Amino acid sequence: MAPLAGWHLAVACGTSSLHREPLTITRSGPGGAVLVVDDDPDTTDSIRDTLRRRGFDAHGFYSADECLEWLKTREAAVVISDVRMPGITGIELATKLREDYPALRVIILTGAGSLDIAVQAIRAGAFDYIAKPVEGDALALAVSRALDHVALEKEVKRLRTTVHQSTSNTII
């Protein structure tokens, strides 16, 4: 695969430890940012750095509000959010992102791996749900899948536009 170019990651998460050797999961092409949001600075920085070592353009934030402020002026492709954070929770953030940024994919991280929380996350619009502790490889794979999904949606939209333009220009 080609190196990651133009992708960014937004991650909002709680506590996690990601200290494995980098996995080479990369992507080429245009995209948004990958943002990491967590109220624990050590966790945010660890996840951000782990993803950067794997070729993602990851940015870290210590609250959902900081993430939302950043998104007002920039694009993102993926947000990784913990369920339990002060202020805006991960579920509330996923709901807001689904409403305001429907093309963005949210991955929920939580230490409480209950089925009820997973169902809440998916209903709120999360693309994926990962129980902590999460390994760097598993997170990189989830982010890569989310980026694939974003790229496919963009391609479908482009193809629909092309078909619509070509059929509307046809004289019957």
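Residues numbered from 1 in each chain as written. Predicted model: local features only at pLDDT ≥ 70, side-chain atom pairs only at ≥ 80, totals over all residues. Heavy atoms only, no water.

### A look at the overall build of the chain
Item 1. Counting its secondary structure elements, the chain contains five helices and six strands.
Item 2. Going from the N terminus to the C terminus, the chain shows its helices and strands as β-β-α-β-α-β-α-β-α-β-α.
Item 3. Here the chain, with 172 residues, has 44% of them falling under the buried criterion. (Helix = DSSP H or I, 4+ residues; strand = E, 2+ residues; numbered from the N terminus. Buried < 20%, exposed > 50% of the residue type's maximum accessible area, 1.4 Å probe, protein only.)

### A closer look at helix H3 (residues 90-100)
Item 1. Buried residues of H3: Gly 90, Ile 91, Leu 93, Ala 94 and Leu 97, and no others. Here the buried residues of H3 occupy an arc of 160 degrees about the axis, which is enough to place them on one side. (Arc of directions from axis to C-beta.)

### Structural notes on the packing of helix H1 (residues 41-53) against helix H5 (residues 136-168)
Item 1. Axis separation between H1 and H5 bottoms out at 10 Å; the angle between their running directions is 70 degrees. Classified by the interaxial angle, the pair formed by H1 and H5 is roughly perpendicular. The hand of the H1/H5 crossing is right-handed. For the pair H1 and H5, contact is made by Ile 47, Thr 50 and Leu 51 and by Gly 136, Leu 139, Ala 140 and Val 143, respectively.
Item 2. When grouped by side-chain class, the residues that make up the contact of H1 with H5 number five nonpolar, two polar and no charged. (Axes fitted to C-alpha atoms, helices over the stretch in contact; angles between N-to-C directions. Parallel < 35°, antiparallel > 145°, perpendicular 65-115°, else oblique. Left-handed = near helix turned anticlockwise from the far one by under 90°. Contact = heavy atoms within 4.5 Å. Nonpolar A, V, L, I, M, F, W, Y, C, P; charged D, E, K, R; others polar.)

### Things to note about the nonpolar core
Soluble globular proteins: nonpolar side chains tend toward being buried together.
Item 1. Core analysis: the largest hydrophobic core is formed by 26 residues, its most contacted members being Leu 35, Leu 71, Leu 97 and Ile 108.
Item 2. The set of elements that each furnish at least two residues to this core consists of strand E2 (33-37), helix H2 (64-71), strand E4 (76-82), H3, strand E5 (105-110) and helix H4 (115-123).
Item 3. The leading source of residues in this core is H2, at five residues.
Item 4. Ile 47, Leu 51, Val 134 and Val 143 belong to the second largest nonpolar core, which has 19 residues in total. (Core = buried A, V, L, I, M, F, W, Y, C linked by side-chain atoms within 4.5 Å.)

### Thoughts on the confidence of the model for the chain
It should be kept in mind that the predicted coordinates are not to be read in detail where pLDDT is low.
Item 1. Counting all residues, the mean pLDDT for the chain is 80, and 78% of those residues have values of 70 or more.
Item 2. The lowest-confidence element of the chain is strand E1 (residues 8-11), averaging 41 in pLDDT; the highest-confidence one is H2, averaging 96.
Item 3. Low confidence marks residues 1-30, where pLDDT is under 50. Its contacts with residues over four positions away, or in another chain, come to 135 contacts. (pLDDT = per-residue confidence, 0-100.)

### Comments concerning the packing of H2 against H3
Item 1. Between H2 and H3, the shortest axis-to-axis distance is 11 Å and the interhelical angle comes to 15 degrees. If you check the angle between H2 and H3, you find them roughly parallel. Here H2 and H3 pass one another in a crossing that is right-handed. Touching Ala 64, Leu 68 and Leu 71 of H2 are Leu 93, Lys 96 and Leu 97, all from H3.
Item 2. Its residues assigned to classes, the contact of H2 with H3 shows five nonpolar, no polar and one charged.

### Quick notes on H5
Item 1. For H5, with 33 residues, the first-to-last C-alpha span of 48 Å sits near the 48 Å given by 1.5 Å per residue.
Item 2. Gly 136, Leu 139, Ala 140, Ala 142, Val 143, Ser 144, Ala 146, Leu 147 and Val 150 are the residues of H5 that are buried. (Expected span 1.5 Å × (residues − 1).)

### What to know about the environment of His 59
Item 1. Its place among the elements puts His 59 in strand E3 (residues 57-61).
Item 2. Separated by 20 residues in the primary sequence, His 59 and Val 79 place their C-alpha atoms 10.0 Å from one another.
Item 3. A polar side-chain atom of His 59 sits 3.3 Å from a polar atom in the side chain of Asp 57. (Polar contact = N/O pair within 3.5 Å; in protein donor to acceptor, adjacent residues only side chain to side chain.)

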